[in-house]
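Residue-level structural notes
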Amino acid sequence: KGSKITDFSHGSWVSSIIASPFNNNKRLSGVIPTAKIIPIKFRQRGEGPFVKAINYAASKGVDSMNLSWSMDELPLSFNPTIGAAIFYASFNGSIFGGKKQPVILCAGNDSKNLDDFAPCSDYPNCVYYGQILVGGSDKNGGIWHIDATGGSNYGKAVHLAAGAHAISASLYYPARTTNRYKFEVANGTSAAAPMVASIVAMIKKMAYLTILLALFV
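Residues numbered from 1 in each chain as written. Predicted model: local features only at pLDDT ≥ 70, side-chain atom pairs only at ≥ 80, totals over all residues. Heavy atoms only, no water.

Brief notes about the overall build of the chain
Helix and strand counts for the chain come out as four helices and eight strands. Its helices and strands taken in sequence order, the chain reads α-α-β-α-β-β-β-β-β-β-β-α from the N to the C terminus. Expressed as a percentage of the 217 residues in the chain, the buried residues total 41%. Counting contacts in the chain only where the partners sit at least 6 residues apart, residues at least 24 apart contribute 70% of the total. Accessible surface for the chain amounts to roughly 12,200 Å². Of this, 58% is attributable to carbon and sulfur atoms. (Helix = DSSP H or I, 4+ residues; strand = E, 2+ residues; numbered from the N terminus. Buried < 20%, exposed > 50% of the residue type's maximum accessible area, 1.4 Å probe, protein only. Contact = heavy atoms within 4.5 Å. Areas by Shrake-Rupley, 256 points an atom, 1.4 Å probe, with all protein chains shown as cover.)

This is the structure:
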């Protein structure tokens, strides 16, 4: 409800990584330039708004769900209430009903070993079924790292990594009167997660088409 225009540049940055069009004269193309995105905006932090957002996306039957969010410096999925919503989104319905939505989350940017935190000290009980937790890599393929206070979180709970260093994307600055949209280079696992979410959506579409072809061959 309310305005669909972001009042924070993070959402437009993530969206442009997924779906920026080809040949836009900005030296940038999204992973799926033709993708359709359902933007979901909320203002309050805490498990309630997060769960509502996940459930709403699940009700729309999206092919994959990107959660470039964090809470209390740890991945959202460490919260059991949010984890239950992720489980529901991932396993509700059948592939033909279009209601199985893989949920992709960023691992966070605090350069921490998640194995040191409860509940991940009891791995794998910290990982809720259906989620893909994405860390960040640098240009050399290693863990993206700035210093002790900045860089990709890591640990056994992190399933894979994608680019998180020097990622070109579109940022939106609502407070400006001119040049509100600007293409800039930024860092973070919030960039890595939408790359994986895009690829997961493509794989899901391809798998669905393969099943249909097999049925009619």
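That was the structure; now back to the text.
Here's the deal with a nonpolar patch on the surface
On the surface, a nonpolar cluster with roughly 320 Å² of combined accessible area is contributed by Val 31, Ile 199, Met 202 and Ile 203. Residue position: Met 202 is located in helix α4 (residues 189-216). (Patch = residues over 30% accessible without salt bridge, like charges linked within 9 Å, V, L, I, M, F, W, Y side chains within 5 Å. Salt bridge = Lys/Arg side-chain N within 4 Å of Asp/Glu carboxyl O.)

Focus on helix α1 (residues 9-19)
The buried fraction of α1 is high, at eight of eleven residues. Taken together, the buried positions of α1 are Ser 9, Ser 12, Trp 13, Val 14, Ser 16, Ile 17, Ile 18 and Ala 19.

Overview of the nonpolar core
Ile 54, Met 65, Val 103 and Leu 133 are the most contacted members of the largest nonpolar core, which has 19 residues in total. Elements represented by at least two residues in this core include exactly α2 (47-59), β1 (65-67), α3 (80-91) and β2 (103-106). Among the elements that make up this core, the one with the highest residue count is α2 (five residues). Core analysis: the next-biggest nonpolar cluster, separate from the first, contains 18 residues, Ala 169, Leu 171, Ala 186 and Ala 191 among them. (Core = buried A, V, L, I, M, F, W, Y, C linked by side-chain atoms within 4.5 Å.)

As for the pairing of strand β3 (residues 131-137)
The buried fraction of β3 is high, at six of seven residues. With four bridges connecting them, β2 and β3 associate as parallel partners. Bridging from a neighbouring strand, Val 103 pairs with Gln 131 of β3. Alignment of β3 against strand β6 (residues 160-163), held across four bridges, turns out to be parallel. The residue bridging Ser 137 from the neighbouring strand is Gly 163, located in β6. (Pairing = 2+ DSSP bridges.)

Don't take any of this as a statement about function, it's just geometry.
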